[in-house]
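Letter by letter, the chains look like this.
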Amino acid sequence: MSTHLHKLHAGQAQSEAAAAPEISFPTRYEDIMARVAAIDPARYGRSRNFLNGAITYLSPYLSRGVISTRQVYEALLARGFVFDDMQKLASELGWRDFFQRVWEAKGEDLFTDLRQPQSGVAHRELPVALPAASTGIAAVDAHIGRLYATGYLHNHLRMYVASLACNIGRAHWAAPAAWLYYHLLDGDLASNTCSWQWVAGAFSSKPYYCNQENINHYTGSQQRHTYLDVAYSALPDLPVPAPLRATTAPDFTTPLPVTSAPVIDPALPLLLYNSYHLDPQWRADEPANRVLLLEPSHFRRFPVSETVLAFIQQLALDNIAGVQVFVGEAAELAQLARVPAIYTRQHPSSGHYPGTHDARAWLVPEVAGYFPGFFNYWKKCEKVLRRQQAGS
Ligand SMILES: Cc1cc2nc3c(=O)[nH]c(=O)nc-3n(C[C@H](O)[C@H](O)[C@H](O)COP(=O)(O)OP(=O)(O)OC[C@H]3O[C@@H](n4cnc5c(N)ncnc54)[C@H](O)[C@@H]3O)c2cc1C
């Protein structure tokens, strides 16, 4: 994608970005665990919707399987918090697992409109205003600029961007979702795909709309007289505003490195990691060949930026002793490696890997299967978590 599209609009947009806290995403496990140890669940509950709220910034590590939702929850229990102290955060961790369960149950259908077709679709392209950060909504444009710099976007901003693209701009969710996924360090095909569909009304009972007042309230911006500066009732009937009319067919590619075949000790098992499975604690004490597998077929279908790819590799290199990066297909590697056993971890993206697929850590492993909506899923999870607490 050409860099001129990444340039921020000067003036108002830049001053909006200045209001948000500086963020960065360290890759060393100790720093990640320090972030877990610093969670303030009460402040989180009160402030998560605001740009400067006490959010955890853990999503890149949860998405990449460095840590699990269960691990975060247990770290809070170990600090003496009980379920009621961390209800809001627990339910957000639940959203991640809920979406993963949807992917697990639906497989390929995750990538189609899940509950009903998105209504009012005018095209299946990407509104140019997203990559160009030129929606005309200053807070949104400023934070798209920050997305390119940090690989992160606050949840509310993600909702605003998706609502602008799909519900005001009338794009089908798939192309803009691929654009956002390309740039997110925490890119998670389940959370991303389901959330875009949720905003667009394909995986929810109705589309999500935001007006200028809502954006000003949560982002601290003070913009007025935009096409969103109207009552909620007027939003569904807005003609597509001029800044959202131009569209493009995105053509993203992942700049995968060329690697040589990994050096494999044939006496030891092979442990397979990938961009969603980078847990340094997994089988950590076992002598093994450890390979981070980057499959070209996966990244052709779901491209990520150079920054995201570098982040994935750094998480592995910093924390998994002796890991070798291999760009190739799982089948090629299985042929290369004549080893006594191959292990990986269960995940919908790696069902085709050879060997034993160890169970993954869920917040509530007892609640599995497809739920068309979060609240029925979470009611069941909450019951289990409260029961566990009463029994402990
Ligand atoms: C259009 C759209 C696209 C999204 N795409 C992704 C994506 O690709 N990857 C991704 O990890 N999240 C995605 N999300 C969900 C959410 O925006 C991020 O998980 C959250 O902003 C991450 O920041 P945090 O870790 O500081 O969250 P916190 O608020 O601190 O939450 C803690 C954890 O709870 C989970 N969580 C919180 N909010 C949500 C949510 N709305 N949905 C699912 N899980 C949640 C995440 O694991 C998060 O790390 C998307 C949301 C929207 C609206």
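Reading the values: rules and limits
- Residues numbered from 1 in each chain as written.
- Predicted model: local features only at pLDDT ≥ 70, side-chain atom pairs only at ≥ 80, totals over all residues.
- Near = placed C-beta within 6 Å.
- Helix = DSSP H or I, 4+ residues; strand = E, 2+ residues; numbered from the N terminus.
- Nonpolar A, V, L, I, M, F, W, Y, C, P; charged D, E, K, R; others polar.
- Axes fitted to C-alpha atoms, helices over the stretch in contact; angles between N-to-C directions.
- Left-handed = near helix turned anticlockwise from the far one by under 90°.
- Contact = placed C-beta atoms within 7 Å.
- Pairing = 2+ DSSP bridges.
- UniProt positions renumbered as here; feature names shortened; annotations may be inferred.
- Buried ≥ 20, exposed ≤ 12 C-beta atoms within 10 Å, placed from the backbone.
- Core = buried A, V, L, I, M, F, W, Y, C linked by C-beta atoms within 7 Å.
- Domains from an automatic or database assignment.

1. Points about the site of the ligand
Contacts to the ligand come from 29 residues, most closely from Thr56, Ser59, Asn155, Asn192 and Ser195. For the shell around the ligand, the elements supplying multiple residues, two or more each, are α4 (59–63), α6 (87–106), α8 (155–168), α9 (174–183) and α10 (189–200). Residue composition of the shell around the ligand, by class: 14 nonpolar, nine polar and six charged.

2. Structural notes on the packing of α9 against α10
It is the contact of α9 with α10, at a shortest axis distance of 10 Å, that shows an interaxial angle of 145°. In this structure, the crossing between α9 and α10 has a hand that is right-handed. Side by side, α9 and α10 meet where Ala177, Leu180 and Tyr181 of the first sit next to Asn192, Thr193 and Trp196 of the second. Residue classes in the contact of α9 with α10 are distributed as four nonpolar, two polar and no charged.

3. A look at the sheet that holds strand β7 (residues 356–358)
In spatial order, the strands read β5-β4-β3-β6-β7; together these five strands make up an open sheet with parallel pairing. Each end of this open sheet is capped by a strand with a single partner; those strands are β5 (324–327) and β7. Averaged over neighbouring strand pairs, the angle between their axes works out to 30° when direction is ignored. Relative to strand β4 (residues 289–294), strand β3 (residues 270–273) is paired through four bridges, and the arrangement is parallel. Bridging across to β4, Leu272 finds its partner in Val291.

4. Remarks on the UniProt feature "binding site: FAD" (unreviewed entry) in the protein
The UniProt record annotates "binding site: FAD" (unreviewed entry) at Tyr44, Glu92, Leu93, Gly94, Trp95, Arg96, Asp97, Phe98, Phe99, Asp186, Gly187 and Asp188. With respect to the element layout, Trp95 can be found in helix α6. Using a count of 18 C-beta atoms within 10 Å as the deciding quantity, one classes Trp95 as partly exposed. Tracing the sequence through the fold places Phe99 in helix α6. The residues touching Phe99, leaving out its near neighbours within four places in the chain, are Ala190, Ser191 and Cys194.

5. Some thoughts on the nonpolar core
By size, the foremost hydrophobic cluster in this structure holds 99 residues, and its most contacted members are Val161, Tyr273, Val291 and Leu293. Both domains that meet at this core, namely domain 1 (126–248) and domain 2 (270–358), each give it at least three residues. Dropping the residues within four chain positions of it, Leu293 is found in contact with Leu272, Tyr273, Asn274, Phe326, Ala330 and Leu333.

6. Here's the deal with the domain arrangement of the protein
Partitioning the protein into structural domains gives domain 1 (126–248) and domain 2 (270–358). Domain 1 and domain 2 are separated by 33 Å when their C-alpha centres are compared. Each side of the interface is counted separately: domain 1 has eight residues, and domain 2 has seven residues. Residue classes in the side of domain 1 that touches domain 2 are distributed as five nonpolar, three polar and no charged.

7. A closer look at unusual backbone geometry
A negative phi holds for most residues other than glycine; trans holds for most peptide bonds. Here the phi dihedral of His225 falls at roughly 60°; this positive angle occurs in a residue that is not glycine. Take His225: it is sitting in the loop between α11 (212–219) and β2 (247–248). A tally of 7 C-beta atoms within 10 Å means that His225 is categorised as exposed. For Arg283, which is not glycine, the phi torsion reads 45° and is therefore positive. C-beta crowding within 10 Å serves as the criterion here: with 14 such atoms nearby, Arg283 is assigned to the partly exposed category.

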